[in-house]
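Inside the fold
Read off the chains here:
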Amino acid sequence: MTNEITRLQQTSRRMMLVWLIVAFCSLTYCLFGAFSDQPQMLHSWKGAALLLLVGIFVLWYINWYWRFYQPRAWTQSVWPPPWRRALRQWAGVFLLISLMTALHPLMGWLFWCAFGMGFGMFKPPWVLLPVCLSSLGIFYALFVTSNPPPDAIIWMILSMGLALLSVGYSVYLMTRLLHQRYEREHVFLELEDAHRQLAEAHRQLERSAERDAELAVLSERNRLAREMHDTIGHALVLIAVKLEAAQRLRAVNPERADHEIEVTKGVVRATMSELRASLADLRAPTAEQCALGEMLARKACESGERAGFSVSTDLQTNAIEPHQPLYEALYRVGAEALTNIEKHAHASNVTLSLVQQAEMLVLRVEDDGVGLPALVISGSRASGAAPGDTPTRPSSPPGHYGITGMRERVEALGGTLTLRPRPGGGTSVEASIPSSIPYGAQYGA
């Protein structure tokens, strides 16, 4: 609570206290005048009734002051009060004054209290009803108690009307200005509170941005690790195998050894090309890149030429843009599967397919080789699995990362990777990825 609101509370408290003192002084004056004018009332039922009504009036008036003009209510900017409560409170005061006036006309001057309450509790045009009724009561008290001559009635009406208007307007204006000041201060308080909440939200947003940046760095590190394994790692293993073969063949078959060396040179050149492409991707997206089906077919043919297996393809979709995360994931999964076949499967035939099934893109690589050893753990069945197949959730053995990297790529995009034995021998690798990637999936969110 600001110092301004505290100061306004004190001002309103003093103003209402002065109004309350004036009202009770008026009540005392009217009551004393009534009993002085008619002393016999002290020993009659009228006097007892008047005292009883005065007591009720005091309690009712204090209740009104307490409920509507305490600083607690003012700090809530409740002005005017709800019209039903205001009308009920004002009507009670008006009725009590009317009954006291019926017992003695001098008590009619208390209609000034009802007059002031009307201006303090109602807004235009509803204020006209209590003000007019209270004015009638004041005029009644004026004419009954003063009994003016006929030629002075008009001047009394005009002067009393002017007094009523000036007093009523002054009371209404003070009340309204005070409450406007309260409302303005409350708006300032709400703005300060909103500013604090906004600052807290900004701090939370900064912390969230820092966490997102850390997650992006970790995701990029994982991606770079997969890239290095899929390109340089495979190439180094293949180069080592080719050089060992050339070394063994040098003594018995120099021509075959020279051929292996030439093939190794080609592997080195291809690896350098892929490394340059990866570095270019880190700097900026590759503007010219082949369709996914063409890239997979080329990779399969190159692997088949090196390992001596035949390749059949069924690549039905080339609608994936080169810069989409789907493109990178499916290409890397296919390349990893072909590399594993080349190194380990000793296969004669390989089938490569990429099809659209409902909302899923399905890449399947099958071979008729020796099959995989126990490199997988149980998991959920992928779409398209045969009824008798065992569903698997693949994972690389210790010290290797290829199969785990394939699975992580696919699952990062909301898909599933399944490895299963192929009927008749060999292995089937299937990657199913939604064609619509969830927001943030490419970052591992």
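Refer to the structure above for everything that follows.
Residue positions are given per chain, counting from 1 as you read along its sequence in written order. Only residues with pLDDT of 70 or above have their local features reported here, since the model is predicted, and side-chain atom pairs are shown and tallied only from 80 upward, although totals for entire chains, interfaces and linings are computed over all residues. Here the side-chain values reflect all heavy atoms present in the structure, with hydrogen atoms and water set aside.

For the rest of this paragraph, the subject is a nonpolar patch on the surface. Patch criteria: residues need more than 30% relative accessible area and no salt bridge. Like-charged residues are merged within 9 Å; nonpolar side chains of Val, Leu, Ile, Met, Phe, Trp and Tyr are merged within 5 Å. Here, Shrake-Rupley sampling with a 1.4 Å probe gives the accessible areas, and only protein chains in the shown set may cover a residue. Between Lys or Arg on one side and Asp or Glu on the other, a salt bridge is scored when a side-chain nitrogen of the former is within 4 Å of a carboxyl oxygen of the latter. Together, W83, L87, L129, L133 and L136 make up an exposed nonpolar region whose accessible area comes to about 500 Å². Helix numbering and strand numbering both begin at the N terminus, where a helix is a DSSP run of H or I of at least 4 residues and a strand a DSSP run of E of at least 2. Those elements that provide at least two residues to the nonpolar patch are helix 4 (83-103) and helix 6 (128-146). Among the elements that make up the nonpolar patch, the one with the highest residue count is helix 6 (three residues). Structurally, the position occupied by L129 is in helix 6. Between buried and exposed lies partly exposed: a residue is buried under 20% and exposed over 50% of the maximum accessible area for its type, with that area taken using a 1.4 Å probe on protein chains only. For L129, a relative accessible area of 51% corresponds to the exposed category.

What follows concerns unusual backbone geometry. Unlike most non-glycine residues, H346 shows phi in positive territory, near 55°. Mapped onto the secondary structure, H346 falls in the loop between helix 10 (325-345) and strand 2 (349-357). Phi at A358 is positive, roughly 55°, even though this residue is not glycine. As for its placement among the helices and strands, A358 is situated in the loop between strand 2 and strand 3 (360-367). Residue A358 is classed as exposed on the basis of its relative accessible area of 70%.

Turning our attention to the pairing of strand 2. Each pair of strands is called paired provided DSSP finds at least two bridges between the two strands. The pairing of strand 1 (residues 310-315) with strand 2 spans six bridges and is parallel. Within strand 2, the residue paired with S310 across the bridge is N349. In the sheet, strand 2 pairs with strand 3 via eight bridges, with the strands oriented antiparallel. Of the residues in strand 3, the one forming a bridge with V350 is D367. Between the end of strand 2 and the start of strand 3, which pair antiparallel, lie two residues, with A358 showing a positive phi angle near 55°.

Classification of ring pairs uses Phe, Tyr and Trp, with its six-membered ring standing for Trp, and accepts pairs whose centres are within 6.5 Å; under 30 degrees between planes counts as stacked, over 60 as edge-to-face, and the remaining range as tilted. Under the criterion given, the structure shown has four aromatic pairs. With a centroid separation of 5.0 Å and an interplanar angle of 20°, the aromatic rings of W90 and F94 are classed as stacked. Within this pair, W90 and its partner F94 are both found in helix 4, separated by four residues, close to a single helical turn. Just as W90 is buried, F94 falls in that class too. Residues F139 and F143 carry aromatic rings whose centres are separated by 6.3 Å and whose planes lie at 20° to one another, so their mutual orientation is stacked. Taken as a pair, F139 and F143 lie in helix 6 at a separation of four residues, close to a single helical turn. Clustering of aromatic rings is evident, with ring pairs tying together W90, F94 and F111.

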